[in-house]
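# Descriptive analysis of the structure
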Amino acid sequence: MMTAAEALSRLRDGNRRFAAGQINLETLASRARRDALVDGQSPFATILGCSDSRVPAEIVFDQGLGDLFVIRVGGNVVAPSQVGSVEFAAERFGTPLVVVMGHTQCGVVTAAFESIVDGAGDASRSLRSLADRVRPAVLSVIGSRPHASLDRRAVIGEAVRANVRVAAEHLRHASALLERRILDGGMAVVGAEYSIETGAVDFFDLTTL
Ligand SMILES: [Zn+2]
């Protein structure tokens, strides 16, 4: 199994190809590759990303079958089932790198912002529970600034990154299992942001690498 740093550089290379329009989905999802994975998998990275239809992890990193263990949830939030999935990949496959990936124009972060600033209500309890996990990050960006003078675009943009930082830090301490693997140097949890506008991924939080 590769190291976290090697895994990161593979993701960076793949995203460069994607942003340049050089991906080859046929090779990545070929019949031969599918056959080679029948008896097992050894994904080199776990990606915790948003469900947004514009941010499919395998495509934006130009990776194929068997490469990535992907968890997608609105707002890339960390709830117990996400922690369990990250632990599963770490324990079963020794996956060395975990990437929490937010993205520009995130609808869940925007909804959390609107619920705070405009007092907009969430449609259901389940939706509220999603927004509740994002709200602290948004509040940390808004701080004590008066709502009327907020630059919405700028605040939501900053809040996306704050939300990634919160989720990555939460994962790093979410369980004894994950803490131990990070301390042993067998795993790193990093934070990234995908740009809907450019297709580029910026790995801006490399705290445990
Ligand atoms: Zn999103």
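Preceding this section is the structure that the text describes.
Now for a look at the structure at hand. (Residues numbered from 1 in each chain as written. Predicted model: local features only at pLDDT ≥ 70, side-chain atom pairs only at ≥ 80, totals over all residues. Heavy atoms only, no water.)

### A word on the pattern of salt bridges
Counted only if it meets this: Note on definitions: salt bridges are taken to be side-chain nitrogens of Lys or Arg within 4 Å of carboxyl oxygens of Asp or Glu. Helix and strand assignments come from DSSP, with helices taken as H or I runs of at least 4 residues and strands as E runs of at least 2, each series counted from the N terminus. Exposure categories follow from relative accessible area, calculated using a 1.4 Å probe and restricted to protein chains: below 20% of the type maximum is buried, above 50% is exposed, and the middle band is partly exposed.
Applying the stated rule across the entire model yields 13 salt bridges. A salt bridge links arginine 31 to aspartate 35, with the nearest nitrogen and oxygen atoms 3.3 Å apart. Of this pair, arginine 31 and aspartate 35 both sit in helix α3 (residues 31-36), separated by 4 residues, roughly a single helical turn. By relative accessible area, aspartate 35 is classed as partly exposed at 39%. Of the charged contacts, one joins arginine 181 and glutamate 91 as a salt bridge, the two residues approaching to 3.4 Å between their closest N and O atoms. Of this pair, arginine 181 sits in helix α9 (residues 176-183) while glutamate 91 sits in helix α5 (residues 80-93), and the two are 90 residues apart along the sequence. Under the relative-accessibility criterion, glutamate 91 is labelled partly exposed at 47%. A single salt-bridge network, built from bridges that share partners, covers Arg10, Arg33 and Asp67.

### Things to note about the sheet that holds strand β5 (residues 201-205)
Remark on secondary structure: sheet strands pair via backbone hydrogen bonds, oriented parallel or antiparallel. To keep things clear, this is the line we draw: Strand pairing is defined by DSSP finding a minimum of two bridges between the two strands. Interaxial angles span 0 to 180 degrees and are taken between N-to-C directions of axes, which are lines fitted to C-alpha atoms, for helices over the stretch in contact. The contact rule is simple, with two residues in contact once any of their heavy atoms fall within 4.5 Å.
Spatially, 5 strands are ordered β2-β1-β3-β4-β5 in an open sheet, and the strand pairing comes out mixed. At either end of the open sheet lies a strand with only one pairing partner, and these are β2 (68-72) and β5. When strand polarity is set aside, the average angle formed by the axes of neighbouring strands in this sheet is 25°. Here strand β3 (residues 97-103) runs beside strand β4 (residues 188-194); their pairing, made up of 7 bridges, is parallel. Each bridged residue has a counterpart across the sheet, and for valine 98 the counterpart in β4 is valine 189. The sheet strands contacting helix α1 (residues 4-19) are β1 (45-49), β2, β3, β4 and β5, and the helix crosses β3 at an angle near 35°.

### Things to note about the nonpolar core
Our working rule: Throughout, nonpolar core names a set of buried Ala, Val, Leu, Ile, Met, Phe, Trp, Tyr and Cys residues whose side chains join them through atoms within 4.5 Å.
Judged by nonpolar contacts, the single largest core of 39 residues is most densely connected at Val138 and Leu171. Sorting the residues of this core by element identifies α5, β3, α6 (107-117), α7 (125-142), α8 (152-172) and α9 as the ones contributing at least two each. Broken down by element, this core gets its largest block of residues, 9 residues, from α8. When residues no more than four places from it in sequence are discounted, the contact partners of valine 138 are Val109, Ala112, Phe113, Ile116 and Ala159. Listed in part, the 21 residues of the second largest apolar core include Leu11, Phe44, Met101 and Val190.

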